[in-house]
Amino acid sequence: MAAFESLTNRLQNVFSKLRGKGKVTEEDLNEAMREVRLALLEADVNFKVVKDFIAKVKEKALGLDVSKSFTPGMVVIDIVNKELTELMGGTQSKLAKANKPPTVIMMVGLQGAGKTTTTAKLAKLLQKGNSKPLLVACDIYRPAAIKQLQVLGEQINAPVFSLGDQTSPVEIAKAGLAHAKENHNDYVIFDTAGRLHIDEALMEELKQIHQNVNPDEVLLVVDAMTGQDAVNVAQSFHEQLELTGVVLTKLDGDTRGGAALSVKAVTGKPIKFAAMGEKIDALEPFHPDRMASRILGMGDMLSLIEKAQANIDADKAAEMERKMRTAEFTFDDFLEQMAQIRNLGPLDQLMDMLPGMNKMKGNMKDLKVDEKQINRVEAIVRSMTKAEKQKPELLNHSRRKRVAAGSGTSITEVNRLIKQFEDMRKMMKQFSSMMGPKGPKGGMKGLKGMLGKGGKGFKFPF
């Protein structure tokens, strides 16, 4: 995850030194904590938060007498992991739900934080749980704000309530709430106005909307790329409006990530959601324990599994696995598999969820996900006829020239893809033939032999 890449690398370097020690002295611990402190400050974490964090880690490490542990480095990492989790809220903070529908959610924040887009993303997330949200356009000041919400509403098939830009936001909010009740919407989300900075007029208007709709949730949308300023904004809004939670946007961007580590400690209000990309479904519930694990380079397998369960058809996956075992896997199947993987989200974000992947990226300079290359691979396959996709052996030289021309690629790229595809099919068939009811036949020797024949230098087509 781009937001924490630098911090993750720094922390992994600190902990790799500790792991290598058979015994950790108080001096070793102090040195490690100094480096952790610098890493957190460089990530733009609030300095008071850093001071308290380091004090808690040291107190617990000394209290457990880490020096007497068999794995002192791992004990320190475990303490840091738990304290990072606590720092960000401890457990997931779920969205409030009204006893009697609709649940009222008020979205607030400065201009440019992505409030309108996040409003639609939240509605999309609620729709996945079979809810019927209504979006209410209360921003009458920013040019095209109402139109933007309407366009986003159409994209996700969610109704948008608007009275134009000549009615006061307070009246729009009241009418929107009444409309939600009449139409049996179980959630109503108010997209309110923002400013470039906090001022009295903005806060007064938000307070009046608050008084009239009595929201169950007041969510502040803050741009993680603003760093420490995001925390200051959160504090100011909370003093005026009594926030119930925070939504961090642009956590996938080139940012130092300090806001995520500071906002809960400074405001006392939990981060409820994090936006991990620009797509309409790129909003995730915020799990402090999973985020801590990712920051420490331990991956986030739970989130990856949840994505897979939500986006991959189990029956299709089982059929795909059977085809790969029996070498019936075709280019049509390949395209379908690529589509299912892409449904999980950007591939570089998926890779970040794998344990140790951050460290591997540092060691393997060529380990980069090239979305353009994936597009080229798909273009080549889509330029084949139905028969060619089913039987790649039909692809003689003249057909390959036609495919290259149709996909805007070179014949070399077409040849390479077909060769890699055939290698993959052979390798999967060899692998399945080795697998008996009691595990691999021939053990590691057999596996090495297989890789030596079909897998040596093998690369996946993307």
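All values reported here derive from a predicted model rather than from experimental measurement.

Caption draft 1: Layout of the overall build of the chain. Within the chain one finds 21 helices and 10 strands. By residue count, 48% of the 462 residues in the chain fall in the buried class. Residue pairs at least 24 apart in sequence account for 73% of intrachain contacts in the chain once pairs closer than 6 positions are excluded.

Caption draft 2: Structural context of the pairing of strand β2 (residues 133-137). For β2, a buried count of five out of five residues is recorded, marking the element as mostly surrounded by other parts of the structure. The sheet contact formed by β2 and strand β4 (residues 187-191) spans five bridges and is parallel. Looking across to β4, one finds that L135 is bridged to I189. The sheet contact formed by β2 and strand β3 (residues 160-161) spans two bridges and is parallel. Of the residues in β3, the one forming a bridge with V136 is F161. The parallel pair β2 and β3 is bridged by helix α6 (residues 145-156), and the resulting crossover is right-handed.

Caption draft 3: Structural context of the sheet that holds strand β7 (residues 271-275). Read across the open sheet, the eight strands follow the order β3-β2-β4-β1-β5-β6-β7-β8; overall the sheet is mixed. Both edges of this open sheet fall to β3 and β8 (283-285), since each of them pairs with a single strand only. Across the face of the sheet, helix α9 (residues 228-241) comes into contact with β1 (103-108) and β5 (217-223) while running at roughly 160° to β5.

Caption draft 4: Local environment of the packing of helix α5 (residues 115-128) against α6. Interaxial distance between α5 and α6 falls to 9 Å at its minimum, and their mutual angle equals 25°. In this view, α5 runs roughly parallel relative to α6, as classed from their interaxial angle. When the axes of α5 and α6 are compared, the crossing they make is right-handed. Seen from α5, the contacting residues are T116, T117, T119, A120, A123, K124 and Q127; seen from α6, they are A145, Q148, L149, L152 and I156.

Caption draft 5: Focus on the pairing of β1. Of all six residues in β1, six are buried; the element is thus mostly enclosed. Here β1 shows no split at all, with T103, I105 and M107 on one side and V104, M106 and V108 on the other all buried. Looking at chain direction, β1 and β4 are connected through five bridges and run parallel. Bridged to M107 within β4 is D191.

Caption draft 6: Representation of α6. Between its first and last C-alpha, α6 extends 17 Å over 12 residues, near the 16 Å set by a 1.5 Å rise per residue. The complete set of buried residues in α6 reads A145, I146, L149, L152, G153 and I156. An end-on view of α6 places all buried positions within 130° of arc, on one side of the element. Away from the buried face of α6 by more than 90 degrees, exposed residues K147, E154 and Q155 are located.

Caption draft 7: Quick look at the nonpolar core. The biggest cluster of nonpolar side chains holds 72 residues, and the ones touching the most others in it are F15 and F237. In this structure, F237 is in contact with V108, G109, L110, I198, L202, M203, L206, L220, E242 and L243, ignoring residues within four places of it in sequence. Membership of the second largest hydrophobic core comes to 24 residues, among which are L126, A137, A275 and I280.

Caption draft 8: Quick peek at the packing of helix α8 (residues 200-213) against α9. Viewed as axis vectors pointing N to C, α8 and α9 meet at an angle of 50°, and their least axial separation amounts to 10 Å. In terms of axis orientation, α8 runs oblique to α9. As for how α8 packs across α9, the hand of that crossing is right-handed. Each of L202, M203, L206, K207 and H210 in α8 lies in contact with α9, whose residues at this interface are F237, Q240 and L241.

About the criteria used
- Residues numbered from 1 in each chain as written.
- Predicted model: local features only at pLDDT ≥ 70, side-chain atom pairs only at ≥ 80, totals over all residues.
- Heavy atoms only, no water.
- Helix = DSSP H or I, 4+ residues; strand = E, 2+ residues; numbered from the N terminus.
- Buried < 20%, exposed > 50% of the residue type's maximum accessible area, 1.4 Å probe, protein only.
- Contact = heavy atoms within 4.5 Å.
- Pairing = 2+ DSSP bridges.
- Right-handed = clockwise from strand over helix to strand, strands pointing away.
- Axes fitted to C-alpha atoms, helices over the stretch in contact; angles between N-to-C directions.
- Parallel < 35°, antiparallel > 145°, perpendicular 65-115°, else oblique.
- Left-handed = near helix turned anticlockwise from the far one by under 90°.
- Expected span 1.5 Å × (residues − 1).
- Arc of directions from axis to C-beta.
- Core = buried A, V, L, I, M, F, W, Y, C linked by side-chain atoms within 4.5 Å.

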